[in-house]
Amino acid sequence: MTEAILLVGGKGTRLRPLTVHTPKPMVPAAGVPFLTHQLARAGAAGVEHIVLATSYLAEVFEPHFGDGSALGLRIEYVTEEEPLGTGGAIRNAASRLHSGPDEPVLVFNGDILTGLDIRALVRTHETSGADVSLHLTQVTDPRAYGLVPTDGTGRVLAFLEKPQTPEEIVTDQINAGAYVFRRSVIDTIPAGRVVSVERETFPGLLAAGAYLQGMVDSTYWLDLGTPAAFVRGSADLVLGKAPSPAVPGRCGDRLVLPTARVAPDAKLAGGTVVGEGALVAEGARVFGSTILPGAVIEPGAVVTDSLIGTRARVGERAVLTGTVIGDGAVVGAHNELREGVRVWCDARIPAGAVRFSSDR
């Protein structure tokens, strides 16, 4: 297998304000755009040619990755004039493929961090003779996902909507967002309109008698669709829990990129990343967080499980837990921000304006 389609057209609305100025796959995770990790893992698995299916902020991708040669790949870009859904995006990108009708094409979503054995998925596809093979993962609580039951050989039996009652939970297997298509099957997806591969293409193929094979691989898997998940994914990459050949440094408790400055008495742990040109000042403590390029963490601030946007500033002795600070925003000194708070790009919070305790 030498070809793949990577779906990177989503608006990333659940990740805002991180995605106001940056498409979701280009938000840095472990020091590089998240997409870099996916491209590097695909290349390591033998993929040579990748078509990026772009839409939202499409102009950002090519200036960064170019023709892909820096990653040992050949990258092409296809842009949707209007969003076409996952199936429509696959069909739209297929014009750039060179595979023969029976050859395998890898397709994967641009917001999944996974340790999937890509070569094993391709082998499963080829040995089974399936029309489409799907990576399935097992989750403890499948209520938030569509279920994919299989028989004893791994053949897909159905695609079930999110279960509403305990009786509807017939399996803990879910669609993990990576597929191998027989090239000719992609051509059966309707062109020029919105198509959901999950809700229309796969159920339709099954109803028509096509052979869909599932491969359960329960190594590391994380949907990076929410800010909390994205921060966790970045930390796991730094810690080495999630595999990637693209982490720009040794795995460990912290990753400090070139030109970043960290005071000698500042404490960094839990997979924290400090981006280029960022500053972590005296006495600051940062745990499990991502500090994007040019951001400033002032003296004595405590930042936990949070993401601090490009050129943002966290004031002296501010305490942030589970928060997202947009690009260019300023959180004044002595503020306390807790789980779920999102501060929009370029916003200003005056010193001591938000408190959960009675004193400073």
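*Asks:* Provide a residue-level description of the nonpolar core, including the pertinent values.
*Replies:* Judged by nonpolar contacts, the single largest core of 28 residues is most densely connected at Ile5, Ile90, Val132, Phe181 and Phe202. Only strand S1 (3-7), strand S4 (49-54), helix H3 (85-93), strand S6 (104-109), strand S8 (132-138), strand S9 (173-182), helix H5 (183-186) and helix H6 (197-207) provide two or more residues apiece to this core. Among the nonpolar cores identified, the runner-up in size contains 26 residues, and Val8, Met26, Ala42 and Val122 belong to it.

*Asks:* Before we move on, can you summarise the pattern of salt bridges with the specific residues and values?
*Replies:* When charged atoms on two side chains of opposite charge get close, those side chains can pair. In the structure shown here, the tally under the stated rule is twelve salt bridges. Across the pair Glu76 and Arg96 runs a salt bridge whose closest N-O atoms are separated by 3.2 Å. Separated by 20 residues along the polypeptide, Glu76 in strand S5 (residues 74-79) and Arg96 in the loop between H3 and S6 bring together distant segments of the chain. Accessibility expressed as a relative area gives 32% for Arg96, which makes it partly exposed. Within this structure, Arg74, Glu76 and Arg96 form a network of salt bridges that share partners.

*Asks:* Talk me through empty space enclosed by the protein; I want residue IDs and the actual numbers.
*Replies:* This model, assessed by the stated rule, comprises one cavity of 30 Å³ or more. Size it by volume and the largest cavity reaches roughly 160 Å³. Gln38, Arg41, Phe108, Ile112 and Thr114 are the residues nearest the centre of the largest cavity, which is lined by 16 residues in total. Listed by contribution, the elements that provide at least two residues to the lining of the largest cavity are helix H1 (34-44), S6, strand S7 (112-114) and S9. Here the lining of the largest cavity takes four residues from H1, the largest share from any one element.

Definitions and limits used
Residues numbered from 1 in each chain as written. Predicted model: local features only at pLDDT ≥ 70, side-chain atom pairs only at ≥ 80, totals over all residues. Heavy atoms only, no water. Core = buried A, V, L, I, M, F, W, Y, C linked by side-chain atoms within 4.5 Å. Buried < 20%, exposed > 50% of the residue type's maximum accessible area, 1.4 Å probe, protein only. Helix = DSSP H or I, 4+ residues; strand = E, 2+ residues; numbered from the N terminus. Salt bridge = Lys/Arg side-chain N within 4 Å of Asp/Glu carboxyl O. 1 Å grid on protein atoms, 1.4 Å probe; cavity = no way out; pocket = protein on both sides within 12 Å on 5 of 7 lines; lining within 4 Å. Points joined across faces, edges and corners; volume = space filled by probe spheres on them.

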